[in-house]
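# Residue-level structural notes
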Amino acid sequence: MAAEPVNLNEFQELARLALPKMYYDFYAGGAEDEHTLKENVEAFHRITFRPRILVDVSRIDLSTTILDYKISAPIIIAPTAWHKLANPEGEVATARAAASCNTIMVLSFTSSSSIEEVAASCNAVCFYQLYVLKKRDIAATLVQRAERNGFKALVLTADAPRLGRREADIKNKMIKPQLKNLEGLLSTKVSSDTGSNLEADAREAMDASLSWKDLEWLRSITNLPILIKGILTREDAIKAVEVGVAGIIVSNHGARQLDYSPATISVLEEVVHAVKGRVPILMDGGVRRGTDVFKALALGAQAVLVSFSQLHL
Ligand SMILES: Cc1cc2nc3c(=O)[nH]c(=O)nc-3n(C[C@H](O)[C@H](O)[C@H](O)COP(=O)(O)O)c2cc1C
Ligand SMILES: CCCCC(=O)C(=O)O
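Before going into details, it helps to say that this report is about the structure given with it. The shown structure was predicted, so the numbers you read here are calculated from the model rather than taken from an experiment.

### Side note on the overall build of the protein chain
- If you tally the helices and strands in the protein chain, you get 12 helices and 10 strands.
- What you see for the protein chain is a C-alpha radius of gyration of 19 Å, in line with the 20 Å of a compact globule of 313 residues.
- In terms of overall dimensions, the protein chain has a C-alpha envelope of 65 × 50 × 40 Å along the principal axes.
- When each of the 313 residues of the protein chain is scored for burial, the buried share is 50%.
- With an accessible surface of roughly 15,500 Å², the protein chain has 53% of that area assigned to carbon and sulfur atoms.
- For the protein chain, the distance from the average position of its 36 positive side-chain charges to the average position of its 37 negative side-chain charges is 1 Å.

Now the structure itself:
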């Protein structure tokens, strides 16, 4: 039997051994050359500390608050698609993990468990991640369901007008699993067998016209606070504050969307300076260790998001 993993990289290797190749590649892959996928991690490696000594650290408190919700450490669960590809309990198990760690889970739009199943499974604080489809009424329905089921905030992922070109998924002819929350709302028939049908389906369904003015529409259909995910520049950070978001997530979608986007840790400071404390800033991308979390906090993040799908194994 393999030794117990002691860090996330070792979990990833166990996942590679345990999962069918199509699913492992979907979880682990990035867009095109996977340049940003490597950079997200390597940019963290290039940052070193300037440690000071003889400071009393006998009592430390890692807890923090996100939108007034107290969490045990500045680490929350990122929205990631289809947890049932790794574990039959899917996002219900992830939500329980969030509850037992006393942190927040962001449920993906592309989840394999429903909003209702997750809400009924435990008392974790959950946020709902939204994609806006051409059929706008679907977003409205999902937002209402999230509100009704006690979700506390919306996370609008804004870096996916189209799905990134993920070449491993194309080669594997990745099959789109069920989208539990969309049952009865959108046809889920397989629309292509010539490559990754994720990409083809996303092109058909996603509203690529989504733009800043639509934040007003989103605010008109919900009272939940809205965080925006996918900010990488000071210009967009300032716009996000102007349209009234409750928080910003600096993210390049785990390098799965636009390759040659900058490593997120390398642009965090730019965003922090532009926002000047007006809203909390979270970040994700390449966070693999506690020292990475510390680096993000030192550069001005309130918390980080990590993908937990591997931890099901
Ligand atoms: C398998 C997988 C699926 C993902 N699915 C979604 C998703 O449905 N919605 C979303 O906003 N982000 C999604 N992301 C992006 C994550 O929320 C997050 O931005 C990214 O994983 C952070 O980078 P890291 O993987 O290096 O930690 C996904 C990431 C992975 C790895
Ligand atoms: C159609 C799949 C979208 C899920 C997602 O955002 C991702 O895999 O990165």
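After that view of the structure, there is still more to cover.
### Notes on the pairing of strand S8 (residues 247-250)
- Alternating residues of S8 divide into Gly247 and Ile249 and Ile248 and Val250, and every residue in both groups is buried.
- Pairing analysis gives 4 bridges linking strand S7 (residues 226-231) to S8, with the strands arranged parallel. Note on S8: the bridge partner recorded for Ile228 is Ile248.
- Once the chain exits S7 it traverses helix H10 (residues 234-242) before rejoining the sheet at S8, and the crossover so formed is right-handed.
- By the bridge criterion, 3 bridges tie S8 to strand S9 (residues 281-284) in an arrangement that is parallel.

### Some words on the state of the cysteines
- Under the criterion given, the structure shown has 0 disulfides.
- A disulfide-free cysteine, Cys122 has its sulfur positioned 6.1 Å from the sulfur of Cys126, the nearest such atom.
- On the basis of relative accessible area, Cys122 is assigned to the partly exposed category, the value being 21%.

### Digging into unusual backbone geometry
- Not every positive phi belongs to a glycine, and Leu54 is a case in point at roughly 55°.
- Mapped onto the secondary structure, Leu54 falls in the loop between helix H3 (35-45) and strand S1 (64-66).
- On the basis of relative accessibility, which here comes to 86%, the residue Leu54 falls in the exposed class.
- Here the phi dihedral of His253 falls at roughly 65°; this positive angle occurs in a residue that is not glycine.
- Note on placement: His253 falls in the loop between S8 and helix H11 (264-275).

The rules behind each value
- Residues numbered from 1 in each chain as written.
- Chains lettered and ligands numbered in written order.
- Predicted model: local features only at pLDDT ≥ 70, side-chain atom pairs only at ≥ 80, totals over all residues.
- Heavy atoms only, no water.
- Helix = DSSP H or I, 4+ residues; strand = E, 2+ residues; numbered from the N terminus.
- Rg over C-alpha atoms; globule rule 2.2 N^0.38 Å.
- Buried < 20%, exposed > 50% of the residue type's maximum accessible area, 1.4 Å probe, protein only.
- Areas by Shrake-Rupley, 256 points an atom, 1.4 Å probe, with all protein chains shown as cover.
- Lys, Arg positive; Asp, Glu negative; His and termini not counted.
- Charge placed at Lys NZ, Arg CZ, Asp CG, Glu CD.
- Pairing = 2+ DSSP bridges.
- Right-handed = clockwise from strand over helix to strand, strands pointing away.
- Disulfide = S-S within 2.5 Å.

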